[in-house]
Amino acid sequence: MTCIQCPMGCELTVTTSPEGYKVSGNSCPKGEAYAIAEMTNPMRIITTVVSVAGAEKTFLPVISDSPIPKEKLDAVLKKLKTHECKLPVYANQVLIENILNTGSNIISSKTIIIPE
Amino acid sequence: MKEIKVDLLIIGAGPAGLAAAIHGKKLGINDVLIVERNNEAGGILQQCIHDGFGLQRFKETLSGPQYVQKQIDEAEKLDVKIMLNTMVVDMTKDREVFVISSESGLTKITATAVILAMGCRERSRMQAHIMGSRPRGVLTAGTVQRYINKEGLIPGEKAVILGSGDIGLIMARRMTLEDVKVEGVYEIMNRPGGLQRNISQCLDDYNIPLHLSTTVTEIHGKYAVEGVTVQQVDDDYKPIPNTQRYIPCDLLVLSVGLIPENEISLKADVPLSEQTNGPIIDNNFMTMVPGIFAAGNVVSVFDLTDNVSRTGEIAASGAFEFIKNGNILPIVCKIEAGKDVTGALPIQYRSGNSDKPLEIFCRVKKVLKNAVLTVSQGDRILFEKKYRILRPQEMLNIEVKPFDCGTENIVISVCGEEEGGK
């Protein structure tokens, strides 16, 4: 598998042994953690845009502050489609805490004071 | 006409221009002004809502808006002035810049130093040479990105993507998440154009097929796109007969490369390089016109935002010295792309820099394993580094320690094993 943790994109190989997973091909500890997560519980950062109350033409980019289990991405996106935020909003402000019990918060990607 | 004078004028408030402004202020340049034609600072990153930016610079993975927000906040703290909704209409080689805005009309800005940071533009259908009629529904990946992420509009129901550049791959995932069916990504080359990690997280994660050595040879539909014909190509990119396949779709997304945007540079007679399509620059990122510097994707397409911002800082350092000293030392030699290297920057080396490290940006021409990159001048090796793997998609950024430069060309070359064991 290709590591997605940085632009290097190391080719990772995971072998299973009685002691657990063994990762090779990685250049850093992040790669090892990624490969093991891919085998056990694949996670991804999620990004999308949400509506802004009272501003039809302004959309706020949002991001999860930590990776979310892959199988929950669809449900999280669905929830965000109906979410509306209020202005002003500041970069890194928490919009939804612990979304769908994933342990991740949805935070604002940017500061918007007045509608664009 | 209103007239203003500034020490440093920067054209474009994207990740290069903002980095240049911040660095210039930190070095002690008094008046730093950015002119920006958009209604907000941040450049294209404001619509790049996905994560993966800033790993080198900020040591964390940020979305595009998060990355530039950090720069915008810092610029504000340092009292960098930004004129929004303001477009440059003309510029002379004596650094007189004419700008226009609805608010103030025409203004003449005279600057001691100028940094060009206009970024780049996407190749369009015209440059991809596709046959067929001219219906609506043929859009560049960046336009689709703008529609979805900034305007909240969905431009189609079923899409074909031509080109596997990073923006195309990112948009394959983004469209899928917005319930646009992405039929596949077609790439004329025999290898992907974008980073391997984007193939993995944008295509493989969503079972979107990537067809290499295949291109779109015809667009169908009179008023709106009804479908496209895809066809395999040989090693010379010529379509192979009888390999045509018709795909019904209402959207063709083009991700076929970027071109530095240099219309303003040309107005000021800034000479461009045929290799990079950007200004010919020296080791301080100054163009061949004294006092006019360039940074970011206007120089060459860097791909990584971290590199774009880094060049902004190099240009700002150069501009700072130019403002302080005003004198220009002669060019002593050129910097040359040697074996298996392309797009080497800077292009020339100016004397009087022996106390400073030399930062070089370049790419390899093909995938090379267990490679050694060497920077040399004559018999002298100035820099050497080993890499497990080098790919053409990844711009390299290396730093050569300060050295006494001779008059022979500085050559960057790489030796490595080709894929397939050669």
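Every value quoted in this text rests on a predicted model; they were computed, and no experiment measured them.

About the cut-offs
Residues numbered from 1 in each chain as written. Chains lettered and ligands numbered in written order. Predicted model: local features only at pLDDT ≥ 70, side-chain atom pairs only at ≥ 80, totals over all residues. Heavy atoms only, no water. Helix = DSSP H or I, 4+ residues; strand = E, 2+ residues; numbered from the N terminus. Rg over C-alpha atoms; globule rule 2.2 N^0.38 Å. Buried < 20%, exposed > 50% of the residue type's maximum accessible area, 1.4 Å probe, protein only. Areas by Shrake-Rupley, 256 points an atom, 1.4 Å probe, with all protein chains shown as cover. Lys, Arg positive; Asp, Glu negative; His and termini not counted. Charge placed at Lys NZ, Arg CZ, Asp CG, Glu CD. Phe/Tyr/Trp six-rings, centres within 6.5 Å; stacked < 30°, edge-to-face > 60°. Lys NZ or Arg CZ within 6 Å of the ring centre and 35° of its normal. Pairing = 2+ DSSP bridges. Polar contact = N/O pair within 3.5 Å; in protein donor to acceptor, adjacent residues only side chain to side chain. Contact = heavy atoms within 4.5 Å. Buried area = accessible area lost by both parts, 1.4 Å probe. Salt bridge = Lys/Arg side-chain N within 4 Å of Asp/Glu carboxyl O. Nonpolar A, V, L, I, M, F, W, Y, C, P; charged D, E, K, R; others polar. Expected span 1.5 Å × (residues − 1).

Undergrad: Lay out the overall build of chain B with the relevant residues and their values.
TA: Within chain B one finds eight helices and 28 strands. In terms of C-alpha radius of gyration, chain B reaches 22 Å, essentially the compact-globule figure of 22 Å for 422 residues. Counting only C-alpha atoms and orienting by the principal axes, one finds that chain B spans roughly 65 × 60 × 40 Å. Residue burial in chain B is summarised as follows: out of 422 residues, 55% are buried.

Undergrad: Which residues make up the overall build of chain A, and what values go with them?
TA: Counting secondary structure elements, chain A contains two helices and nine strands. Secondary structure elements of chain A occur, N-terminal to C-terminal, as β-β-α-β-β-β-β-α-β-β-β. The C-alpha radius of gyration of chain A comes to 18 Å, more than 25% above the 13 Å expected for a compact globule of 116 residues. Along the first, second and third principal axes, the C-alpha set of chain A runs to 55 × 25 × 20 Å. Within chain A, the proportion of its 116 residues that are buried is 42%. As displayed, chain A has an accessible area near 6200 Å², and 54% of this comes from carbon and sulfur atoms. Charged side chains in chain A number 11 positive and 11 negative. The centres of these two groups are separated by 5 Å.

Undergrad: A description of the packing of aromatic side chains should follow, citing residues and the corresponding values.
TA: All names here are of chain B. Under the counting rule described, the total for this entry stands at five aromatic pairs over all chains. Ring plane angle 75 degrees and centroid distance 5.2 Å describe the contact between Phe58 and Tyr67, whose orientation is recorded as edge-to-face. Looking at Tyr67, the relative accessible area reads 0%, which means it is buried. An angle of 85 degrees between the planes, with centres 5.2 Å apart, marks the rings of Phe302 and Phe361 as edge-to-face. Of the two residues, Phe302 is situated in the loop between β20 (292-294) and α8 (305-325) and Phe361 in strand β24 (residues 358-364); the sequence distance between them amounts to 59 residues. Through a chain of ring-to-ring contacts, three or more aromatic side chains come together here, namely Phe285, Phe302 and Phe361. Lying over the aromatic face of Phe58, Lys70 brings its terminal NZ or CZ to 5.4 Å of the ring centre.

Undergrad: For the sheet that holds strand β4 (residues 47-52) of chain A, give the residues involved together with the corresponding values.
TA: All names here are of chain A. Within the open sheet, the five strands sit side by side as β7-β4-β5-β9-β8. Their pairing is mixed. Two strands bound the open sheet, and with one partner strand each, they are β7 (84-85) and β8 (94-96). Relative to strand β9 (residues 106-108), strand β5 (residues 55-64) runs antiparallel, the two being bridged by three bridges. Paired with Ser64 across the two strands is Ile106, which belongs to β9.

Undergrad: Lay out the side chain of Arg197(B) with the relevant residues and their values.
TA: Among the structural elements, Arg197(B) can be located in helix α6 (residues 196-203). A distance of 3.4 Å separates a polar side-chain atom of Arg197(B) from the backbone oxygen of Cys6(A). Look past the residues within four positions of Arg197(B) in its chain and what remains in contact with it is Thr2(A), Cys3(A), Ile4(A), Gln5(A), Cys6(A), Pro7(A), Gly52(B) and Leu55(B).

Undergrad: Before we move on, can you summarise unusual backbone geometry with the specific residues and values?
TA: Cis geometry is adopted by the peptide bond preceding Pro88(A), which originates at Leu87(A) and carries an omega value of 0 degrees. Secondary-structure assignment places Pro88(A) in the loop between β7 and β8. Of note, the amide linkage connecting Leu345(B) to Pro346(B) takes the cis form, showing an omega dihedral of -5 degrees. Along the chain, Pro346(B) falls in the loop between β22 (341-345) and β23 (348-350). If you check the backbone angles, Asp79(B) has positive phi at about 65 degrees while not being a glycine.

Undergrad: Could you give me a rundown of the interface of chain A and chain B, with the residues and numbers involved?
TA: Each partner contributes to the interface: chain A provides 36 residues, whereas chain B provides 30 residues. Between chain A and chain B, a total of about 2500 Å² is buried, with carbon and sulfur atoms accounting for 49% of that surface. It is Ile4(A), Pro7(A) and Thr47(A) that lose the most area in chain A upon contact with chain B, and together they represent 21% of the buried surface on that side. Between Asp205(B) and Lys70(A) there is a salt bridge, with the nearest N and O atoms lying 3.0 Å from each other. For the side of chain A that touches chain B, the secondary structure elements donating two or more residues are α1 (29-40), β4, β5, α2 (73-81) and β9 of chain A. The element best represented in the side of chain A that touches chain B is β5(A), accounting for four residues. A breakdown of the residues in the side of chain A that touches chain B according to their chemical character gives 16 nonpolar, twelve polar and eight charged.

Undergrad: How would you explain helix α1 (residues 15-27) of chain B if you had to name every residue and give the values?
TA: Residues and elements named next belong to chain B. Along its 13 residues, α1 runs 18 Å from first to last C-alpha, staying within 8% of the 18 Å computed at 1.5 Å per residue. With ten of 13 residues buried, α1 lies mostly within the body of the structure. Taken residue by residue, α1 has Pro15, Ala16, Gly17, Leu18, Ala19, Ala20, Ala21, Ile22, Gly24 and Lys25 as its buried positions. Of the surrounding secondary structure, the elements contacted by the buried residues of α1 are β1 (2-11), β2 (32-35), α2 (64-77), β5 (81-83), β8 (105-116) and α8. After α1 finishes, the residue Gly28 shows a positive phi value of roughly 115 degrees.

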